[in-house]
Amino acid sequence: MLSKKNKEYFRKWLTRRLDESLGKAQDTLADLSDLRDKLPDEMDQASLSCDMGFTLRIRDREAKLIRKITDALERLEDGTFGICEECGEEIPLKRLMARPVTTLCIECKKEQEAEERAKEANFQVSNY
């Protein structure tokens, strides 16, 4: 079980990271709105379109992280933070420090990844 000190550390870390991510999302929206109106040349617009696609893909990843951070903060509140969702065992502090949004202990994560690799291999074989 996490100590109060550890819970507070993760609450502060996750909140800070959430604020940073939300700020980046707002900045991206503002930047995209400003740029779109300022490029009359078609080549510049095409280049911007490519850059915007790349930026939006990055922001999509950031949006997924925002959701994971929000979920982790909720788990802190309801007392399930640091408990593996698969086996119910405590997630080691070392793993939580490395990946505070994790929901699986390392053994369950390894099993999940092995299953995903097996499914991918089966998919590739069936599409051959």
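Given the structure is predicted, the values throughout are model-derived calculations rather than measurements. (Residues numbered from 1 in each chain as written. Predicted model: local features only at pLDDT ≥ 70, side-chain atom pairs only at ≥ 80, totals over all residues. Heavy atoms only, no water.)

Asker: Could you clarify how one ought to interpret the side chain of Ser21 in this entry?
Answerer: Along the chain, the position of Ser21 falls in helix H1 (residues 4-36). A residue is classified by how much of its surface remains accessible, and Ser21, at 0% relative accessible area, is buried. (Helix = DSSP H or I, 4+ residues; strand = E, 2+ residues; numbered from the N terminus. Buried < 20%, exposed > 50% of the residue type's maximum accessible area, 1.4 Å probe, protein only.)

Asker: Looking at this structure, I do not really get the side chain of Arg95. What am I missing?
Answerer: Within the secondary structure, Arg95 sits in helix H3 (residues 93-98). Here Arg95 is buried and forms no salt bridge, its nearest opposite-charge partner Glu113 lying at an N-O distance of 6.7 Å. Separated by 3.0 Å, the side chains of Arg95 and Thr102 make a polar contact. Here Arg95 is in contact with Thr102, Leu104, Cys105, Ile106 and Lys109, once residues within four sequence places are set aside. (Lys, Arg positive; Asp, Glu negative; His and termini not counted. Salt bridge = Lys/Arg side-chain N within 4 Å of Asp/Glu carboxyl O. Polar contact = N/O pair within 3.5 Å; in protein donor to acceptor, adjacent residues only side chain to side chain. Contact = heavy atoms within 4.5 Å.)

Asker: Sorry if this is basic, but what is going on with a negative patch on the surface here?
Answerer: A cluster of acidic residues, Glu85, Glu86, Glu111, Glu113, Glu115 and Glu116, forms a negative patch at the surface. Inspection of the secondary structure assignment puts Glu115 in helix H4 (residues 106-126). (Patch = residues over 30% accessible without salt bridge, like charges linked within 9 Å, V, L, I, M, F, W, Y side chains within 5 Å. Areas by Shrake-Rupley, 256 points an atom, 1.4 Å probe, with all protein chains shown as cover. Charge placed at Lys NZ, Arg CZ, Asp CG, Glu CD.)

Asker: Can you help me understand the nonpolar core in this one?
Answerer: The nonpolar side chains of a soluble globular protein tend to be buried with one another. In this structure, Phe10, Leu14 and Phe81 are the most contacted members of the largest nonpolar core, which totals 17 residues. Elements supplying a minimum of two residues to this core: H1 and helix H2 (42-78). At five residues, H2 tops the list of elements feeding residues into this core. If we skip the residues at most four places from it in the chain, Phe10 touches Leu2, Leu76, Phe81, Leu93, Leu96, Met97 and Pro100. (Core = buried A, V, L, I, M, F, W, Y, C linked by side-chain atoms within 4.5 Å.)

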